[in-house]
Amino acid sequence: TAIMIKAILTDIEGTITRISFVKEVLFPYAAKQLATFMRLNENKPHVAEQIAAVKAIINEPDADIENVISVLLKWIEEDKKITPLKQIQGLIWQTGYEHGDFKGHLYADAFEFLQAQHAQGTALYVYSSGSVRAQQLLFKYSDYGDIRPLFNDFFDTKVGAKQEQAAYNTIVNQLPFSANEILFLSDVADELDAAKAAGLKTLHLIRDGQAHSAHPYVHDFSTVKLEQFA
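To keep things clear, this report deals only with the structure shown in the data block. Small disclaimer: the values here were computed from a predicted structure and weren't measured. (Residues numbered from 1 in each chain as written. Predicted model: local features only at pLDDT ≥ 70, side-chain atom pairs only at ≥ 80, totals over all residues. Heavy atoms only, no water.)

What follows is about the sheet that holds strand E6 (residues 217-218). Taken in spatial order, the six strands line up as E3-E2-E1-E4-E5-E6 in an open sheet, and their pairing is parallel. Of all the strands in the sheet, the pair left with one neighbour each is strand E3 (153-155) and E6. Here four bridges tie strand E1 (residues 7-10) to strand E2 (residues 123-127), and the two strands are oriented parallel to one another. Directly across from Leu9, in E2, lies its bridge partner Tyr125. Across the sheet, helix H6 (residues 132-140) lies against E2 and E3, angled at about 130° from E3, the strand it touches most. Sheet strands in contact with helix H8 (residues 189-197) are strand E4 (182-186) and strand E5 (201-205), and its direction is about 170° off that of E5. (Pairing = 2+ DSSP bridges. Helix = DSSP H or I, 4+ residues; strand = E, 2+ residues; numbered from the N terminus. Contact = heavy atoms within 4.5 Å. Axes fitted to C-alpha atoms, helices over the stretch in contact; angles between N-to-C directions.)

Take a look at the structure:
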């Protein structure tokens, strides 16, 4: 008997949003605002906590705020995935979203697909390397308004790396579905391989001329039918 898809686990960047949104909008905004933001907020507990984390990482307990700022800017330049930097970027983006400096970008076909699946009772989950906080900001202030209610839950790299099968096992264990009832959407073949190894069904979004893989693929969501994965 065919196994029906009951849940969808989706990546964000390059799958339901343009890959360039983060690189061309979010990252430059955070880099531009960082020094001012840090000077204005260095004594607020949630910022002070991240400053302490930076000092611990560079092993300079007496570093002043200007030192900390230059370290953070260097990490941005080197595209380092370091937790306090990610947290601070998230705080800066929150301010940007709240002030309307930009909106969370979503492809129209992705929004329509997610909305239709939600309406049909498919459970929707997000798994992205961006923090859960950053994910929720993007969906709260999206091009289509606050779309957080579409999703049942959000996962980030706290469950593990997206190229590792173990991360998908961890997610499946937290969901009320078996692995083969879950469809994973991504634009990255290595992530799809890891999800498939964990027993999930997979769909490759090839939007920006990525190479094809062994996974079923589409160029947008307008043609996707869940029955094809049963």
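Overall, the coordinates contain ten salt bridges when judged by the stated rule. Salt-bridge contacts for Glu181 lead to Lys6; the nearest nitrogen and oxygen are separated by 3.0 Å. Residue Glu181 is located in the loop between helix H7 (165-174) and E4, and its partner Lys6 is located in the segment before E1; the two are separated by 175 residues in the primary sequence. Between Lys80 and Glu78 there is a salt bridge, with its nearest N and O atoms 3.4 Å apart. For Glu78, a relative accessible area of 36% translates into the label partly exposed. (Salt bridge = Lys/Arg side-chain N within 4 Å of Asp/Glu carboxyl O. Buried < 20%, exposed > 50% of the residue type's maximum accessible area, 1.4 Å probe, protein only.)

This brings us to the nonpolar core. Met38, Leu72, Phe139 and Phe151 are the most contacted members of the largest nonpolar core, which has 57 residues in total. Ranked by residues supplied to this core, first place goes to helix H1 (residues 19-41) with nine residues. Residues contacting Phe151, with those up to four places away along its chain left out, are Leu114, Leu124, Val126 and Phe139. The next biggest cluster of nonpolar side chains, apart from the first, holds 21 residues, and it includes Ala123, Val159, Ala195 and Leu200. (Core = buried A, V, L, I, M, F, W, Y, C linked by side-chain atoms within 4.5 Å.)

On to H1, then. A maximum bend of about 50° is found in H1 at Leu34. Among the residues of H1, Ser20, Phe21, Val22, Leu26, Tyr29, Ala30, Leu34, Ala35, Phe37, Met38 and Asn41 are the ones counted as buried. Residues of H1 that are buried in the fold lie against helix H2 (45-58), helix H3 (65-77), helix H4 (83-98) and H6. (Bend = angle between axes of the 7 residues up to and from the residue.)

Located in the positive-phi region is Asn59, a residue other than glycine, with phi close to 60°. Of note, Asn59 is situated in the loop between H2 and H3. In this structure, Asp79 takes a positive phi of about 55° despite not being glycine. Here Asp79 lies in the loop between H3 and H4.

All quantities given are derived from atomic positions and should not be read as evidence of function.
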